[in-house]
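An overview of the molecular structure
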2 protein chains.
Amino acid sequence: MRRVAIGQAGGPTAVINATLVGFVKEVLDESSLYFIKNGYEGLVKGNFIRGDRTILDLLENHANLPGACLGSGRYPREKKNIELSVMNLKKKEIDTLVIIGGNGSMEALREIKNEASSQGYDLQVIGLPKTVDNDLGGTDHAPGFGSAAKYVANTTRDISRDLHAMRNFEQVRILETMGRNAGWLAYASAFYKNNDYDGPHFIGIPEQPIVKENLINSVDAAVRRSGHALVVVSEGAHFAKEKLTHKKVVNGRTVLGGVSTQIENLISEKLGLSARGELLGMNQRSCSALVSESDRNEAYAVGIQGARFMKEGKTDIMVSMYRKNTSSYEVGYRPIALDKVISKGESLLMEYFIDDLPSYNKWLKPLIADSSNYPAPLITD
Amino acid sequence: MRRVAIGQAGGPTAVINATLVGFVKEVLDESSLYFIKNGYEGLVKGNFIRGDRTILDLLENHANLPGACLGSGRYPREKKNIELSVMNLKKKEIDTLVIIGGNGSMEALREIKNEASSQGYDLQVIGLPKTVDNDLGGTDHAPGFGSAAKYVANTTRDISRDLHAMRNFEQVRILETMGRNAGWLAYASAFYKNNDYDGPHFIGIPEQPIVKENLINSVDAAVRRSGHALVVVSEGAHFAKEKLTHKKVVNGRTVLGGVSTQIENLISEKLGLSARGELLGMNQRSCSALVSESDRNEAYAVGIQGARFMKEGKTDIMVSMYRKNTSSYEVGYRPIALDKVISKGESLLMEYFIDDLPSYNKWLKPLIADSSNYPAPLITD
């Protein structure tokens with residue numbers, strides 16, 4: 001029987017466990033399964049759990065739960081750790097290594113494979129995509145993003161009504177989303193917007209430095225029109241001609257956050273309005289109540305497809321998702337070379353989406369799989 | 001026909017519109033309705049909208065939407081404004097004033113009634129309760145709280161799994177809830193907790209100043225046991241023997257917030273762990289996806305009951321909710337004197353709940369009306 005090790009790496013998504021369960025179900029009968037604890041840390045330290053009946057029975061109960069049920073996390077990707085990972089895989093006589101992860105995880109997978117090859121160890125490696133930021137190259141989108149997008153869209157729609165009702169007290173709110181260096185998530189905030197009164201009234205994304213004057217003018221116009229303004233900004237956005245300063249290093253990793261405070265100060269200063277910044281927080285990637293059904297189904301399918309590619313002997317690949325046609329939404333799954341994923345680097349929001357929000361919303365719609373727009377506010381003056 | 005003015009005041013809840021729609025439906029046939037725009041501001045400025053067919057037809061579409069669809073907000077409760085309110089009510093020949101609101105709104109209603117009486121103007125006044133903080137006296141609980149509690153409970157449950165999965169990167173997260181000077185909402189965070197691994201591992205509430213040593217010990221023990229610790233703290237909580245400093249005045253109102261940052265610093269300093277504070281934000285009172293069905297139904301029923309008490313000629317009262325029996329949950333509605341509501345002041349979490357979380361959870365269960373506990377984490381060591 002093929003000996004397969006699978007792990008989850010990087011920040012969890014609300015559907016990362018569905019991918020795990022999809023994969024496991026498809027390979028169960030013809031593989032010896034080993035679960036890697038806490039992502040790359042488990043590889044480096046040799047923390048494997050034998051996928052016996054007990055754990056497999058329990059696993060299914062976690063398919064629809066947030067978090068990464070094997071443990072995930074971050075771990076330094078240094079040469080020594082890559083070597084230790086290969087050593088541990090060898091020791092367990094692992095034939096196939098499968099990692100559910102994002103950009104960094106795919107790079108680590110490539111490095112492990114290279115190290116294995118240089119030792120003459122024939123290791124099959126397969127990557128299964130996940131990210132809430134949608135910044136993974138070589139795929140139309142990745143599981144996890146649809147649910148995070150739904151969370152951001154719903155939150156913007158709901159908070160917009162709250163802010164509108166409170167406009168004689170507070171006029172401006174700035175919601176800061178995840179997204180790292182990409183604006184996909186922040187742009188999803190406009191998904192349900194169907195009138196001028198509801199927010200967002202301005203979206204700041206990393207791909208397009210924020211021109212202060214434009215921001216101020218948009219907020220001012222929105223407050224004049226509807227008494228309030230809702231700004232959505234991606235954690236990686238920054239002002240034009242200014243460096244991104246809102247970041248700190250946590251355990252060796254750059255964590256973004258704080259641009260909403262800068263905008264809050266700018267708006268208070270320039271417009272004299274009451275403004276408050278709000279970080280949307282961990283719910284973006286873990287809120288079980290706002291999981292997108294299509295996202296969950298696709299996450300599960302990505303697991304199944306990865307297992308099929310494995311059985312076909314494919315290696316050094318990631319499962320990629322593509323749209324089969326343009327007239328209606330149907331997703332196809334195909335293998336894409338890890339090299340290609342990595343060389344593409346971070347996937348940013350395309351200019352044709354930045355310039356054409358309706359076309360972005362059309363692209364996004366099947367991923368969010370919901371269309372519960374609100375009627376226009378009852379009272380708008 | 002009786003001329004009835006109704007308005008919404010203070011911070012919205014996810015179900016405040018249901019109360020409005022319940023009331024309106026019940027009085028429609030025998031009253032001339034006037035909607036007050038933006039809460040007390042509308043009373044002071046005389047901003048009324050005639051409840052004609054057009055707006056009544058639209059209104060129902062807003063019953064299940066967050067925000068306050070008439071506009072709510074805050075407005076200075078000074079003598080002059082109370083006089084102006086009475087003047088405007090008189091001018092419109094209003095027989096009955098109905099306000100959906102919390103503590104402050106009930107006090108204002110009382111003041112308006114007193115001013116009207118002193119002018120010999122026979123004004124019927126009725127208060128309909130709403131608050132996410134559950135700090136309104138004279139009622140078992142108030143509409144809006146159940147949904148906010150469900151939001152806090154779900155968020156804690158979901159984020160706990162996320163944090164657990166990331167424990168090699170970040171060990172401690174501090175979630176800061178709403179609640180003003182009461183711990184009801186923060187205490188709801190433990191609703192789904194059914195094992196030692198999941199959070200919350202410590203709850204800080206205003207009723208019980210936080211002893212730093214206890215907090216540190218709880219966090220330390222949780223991290224040792226399960227690798228992570230989730231702390232939940234109410235915005236109004238503070239350290240024992242220290243003054244509450246995390247507040248600022250926004251448009252004349254004290255806004256709390258920031259205790260999570262103090263805890264974050266304390267934990268980093270004392271335990272050397274990576275800790276991050278997170279404010280749960282406006283979604284607590286506006287997330288449509290986590291509305292409690294029973295809360296929505298009760299909010300609607302409060303509107304209907306208020307209308308019935310109005311038709312019975314009751315005045316100077318608020319609709320109060322009580323539990324009809326102890327063996328099963330059944331809510332009754334009765335009028336309670338506004339004077340009594342006001343004299344009771346802010347309703348705080350009772351000591352017998354603080355000391356007995358299971359008994360609090362039992363009390364809370366029918367309000368959240370959900371029991372989707374998670375199984376214990378798959379991997380706990």
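Calculation rules
- Residues numbered from 1 in each chain as written.
- Chains lettered and ligands numbered in written order.
- Predicted model: local features only at pLDDT ≥ 70, side-chain atom pairs only at ≥ 80, totals over all residues.
- Heavy atoms only, no water.
- Least-squares fit on C-alpha atoms with pLDDT ≥ 70 in both.
- Contact = heavy atoms within 4.5 Å.
- pLDDT = per-residue confidence, 0-100.
- Buried area = accessible area lost by both parts, 1.4 Å probe.
- Salt bridge = Lys/Arg side-chain N within 4 Å of Asp/Glu carboxyl O.
- Helix = DSSP H or I, 4+ residues; strand = E, 2+ residues; numbered from the N terminus.
- Nonpolar A, V, L, I, M, F, W, Y, C, P; charged D, E, K, R; others polar.
- Pairing = 2+ DSSP bridges.
- Axes fitted to C-alpha atoms, helices over the stretch in contact; angles between N-to-C directions.
- Buried < 20%, exposed > 50% of the residue type's maximum accessible area, 1.4 Å probe, protein only.
- Expected span 1.5 Å × (residues − 1).
- Arc of directions from axis to C-beta.
- Parallel < 35°, antiparallel > 145°, perpendicular 65-115°, else oblique.
- Phe/Tyr/Trp six-rings, centres within 6.5 Å; stacked < 30°, edge-to-face > 60°.

Considerations on the relation of the copies chain B and chain A
Rotating chain B by 180° about the axis while translating it 0.0 Å along that axis superimposes it on chain A, leaving an RMSD of 0.0 Å. With respect to symmetry, the two chain copies, as superposed, fit the operation of a two-fold axis. Among all C-alpha atoms of chain B, that of Ala289(B) lies closest to the rotation axis, at 3.2 Å. An overlap of 100% is found between the interface residues of chain B and their copies at the interface of chain A, pointing to a shared contact surface.

Describing the confidence of the model for chain A
This prediction gives chain A a mean pLDDT of 95; 100% of its residues lie at or above 70. This complex was scored by the predictor with a pTM of 0.97 and an ipTM of 0.97.

Description of the interface of chain B and chain A
Across the contact, 65 residues belong to chain B and 65 residues belong to chain A. Contact between chain B and chain A buries roughly 5,000 Å² in total, counting both sides, with carbon and sulfur atoms accounting for 58%. When residues of chain B are sorted by the area they lose upon contact with chain A, Asn168(B), Phe169(B) and Leu378(B) head the list and together hold 15% of the total. Connecting chain B to chain A are 2 salt bridges. Asp162(A) serves as the salt-bridge partner of Arg285(B), at 2.7 Å between the closest nitrogen and oxygen. Sorting the residues of the side of chain B that touches chain A by element identifies α3 (53-59), α6 (145-165), β9 (247-250), β10 (253-256), β11 (275-279) and α10 (283-286) of chain B as the ones contributing at least two each. Here the side of chain B that touches chain A takes 9 residues from α6(B), the largest share from any one element. Classifying every residue of the side of chain B that touches chain A gives 30 nonpolar, 18 polar and 17 charged.

Notes on the side chain of Thr177(A)
Positionally, Thr177(A) belongs in strand β6 (residues 172-177). Thr177(A) has contacts with Val152(A), Leu185(A), Ala186(A), Val232(A), Val233(A), Ser234(A), Glu235(A), Leu280(A) and Gln284(A), leaving out every residue within four places of it along the chain.

Remarks on the sheet that holds strand β13 (residues 331-337) of chain B
Residue and element names in this part refer to chain B. Strand order in the open sheet made by the 7 strands is β3-β2-β1-β4-β5-β12-β13, with mixed pairing throughout. Either end of the sheet is taken by a strand with one partner, and the two such strands are β3 (48-50) and β13. Recorded for the sheet is a direction-independent mean angle of 30° between the axes of neighbouring strands. Of the strands in this sheet, β1 (2-8), β2 (31-36), β4 (96-101), β5 (124-129), β12 (317-323) and β13 are in contact with helix α11 (residues 293-311), which crosses β5 at around 165°.

A look at the pattern of salt bridges
The full count for this structure, using the stated rule, is 50 salt bridges over all chains. Across the pair Arg53(B) and Asp57(B) runs a salt bridge whose closest N-O atoms are separated by 3.5 Å. With Arg53(B) and Asp57(B) both in helix α3 and 4 residues apart, the pair spans about one turn of that helix. Among the ionic pairs, Glu293(B) bridges to Arg296(B), the shortest N-O distance being 3.7 Å. In this pair, Glu293(B) and Arg296(B) are both assigned in helix α11, 3 residues apart and thus about one turn of the helix distant. We classify Glu293(B) as partly exposed; its relative accessible area is 45%. Within the structure, one salt-bridge network assembled from shared partners comprises Glu26(A), Glu30(A), Arg308(A) and Lys311(A).

Remarks on helix α9 (residues 259-271) of chain B
For α9(B), which comprises 13 residues, the first-to-last C-alpha distance of 18 Å matches the rise-based estimate of 18 Å (1.5 Å per residue) to within 8%. Taken as a whole, α9(B) has its buried residues at Val259(B), Ser260(B), Ile263(B), Glu264(B), Leu266(B) and Ile267(B). All buried residues of α9(B) project into a common sector of 170° when viewed along the axis, lining one side. The inward-facing, buried residues of α9(B) abut β9 (247-250) of chain A together with β6 (172-177), α8 (212-226), β8 (229-234) and β11 of chain B. Looking at the residues trailing α9(B), positive phi occurs at Gly272(B), about 65°.

A word on the packing of helix α6 (residues 145-165) of chain A against helix α14 (residues 357-368) of chain A
All names here are of chain A. One way to put it is that α6 packs onto α14 with a least axis distance of 9 Å and a crossing angle of 110°. By the angle between their directions, the pair α6 and α14 is classed as roughly perpendicular. Here Phe145, Gly146, Ala149, Lys150 and Ala153 of α6 lie close against α14, whose contacting residues are Tyr360, Trp363, Leu364, Leu367 and Ile368. For the contact of α6 with α14, the per-class residue count stands at 8 nonpolar, 1 polar and 1 charged.

Side note on the packing of aromatic side chains
Counted under the stated rule, the structure contains 22 aromatic pairs over all chains. Between Trp184(A) and Tyr360(A) the ring centres are 6.1 Å apart and the planes differ by 45°, which places this aromatic pair in the tilted class. Residue Trp184(A) is located in helix α7 (residues 184-187), and its partner Tyr360(A) is located in helix α14; the two are separated by 176 residues in the primary sequence. This pair shows no difference in class: Trp184(A) is buried, exactly as Tyr360(A) is. The interplanar angle of 75° and the centroid separation of 6.3 Å between the aromatic rings of Trp184(B) and Phe353(B) together place this pair among those described as edge-to-face. In this pair, Trp184(B) is assigned in helix α7 (residues 184-187) and Phe353(B) in helix α13 (residues 351-354), connecting sequence segments 169 residues apart. The exposure class assigned to Trp184(B) is buried, which follows from its relative accessible area of 2%. For Phe353(B), a relative accessible area of 6% gives the class buried. Among the aromatic side chains, those forming a connected cluster through ring pairs are Phe145(A), Trp184(A), Tyr187(A), Tyr352(A), Phe353(A), Tyr360(A) and Trp363(A).

Observations regarding helix α4 (residues 79-91) of chain A
Residue and element names in this part refer to chain A. Between its first and last C-alpha, α4 extends 18 Å over 13 residues, near the 18 Å set by a 1.5 Å rise per residue. Among the residues of α4, Asn81, Ile82, Ser85, Val86, Asn88 and Leu89 are the ones counted as buried. When α4 is viewed along its axis, its buried side chains cluster within an angular range of 165° and face the same direction. Away from its buried face by more than 90 degrees, α4 exposes Lys79, Lys80 and Lys91. Of the surrounding secondary structure, the elements contacted by the buried residues of α4 are β1 (2-8), α2 (40-45), β3 (48-50), β4 (96-101) and α5 (103-118).

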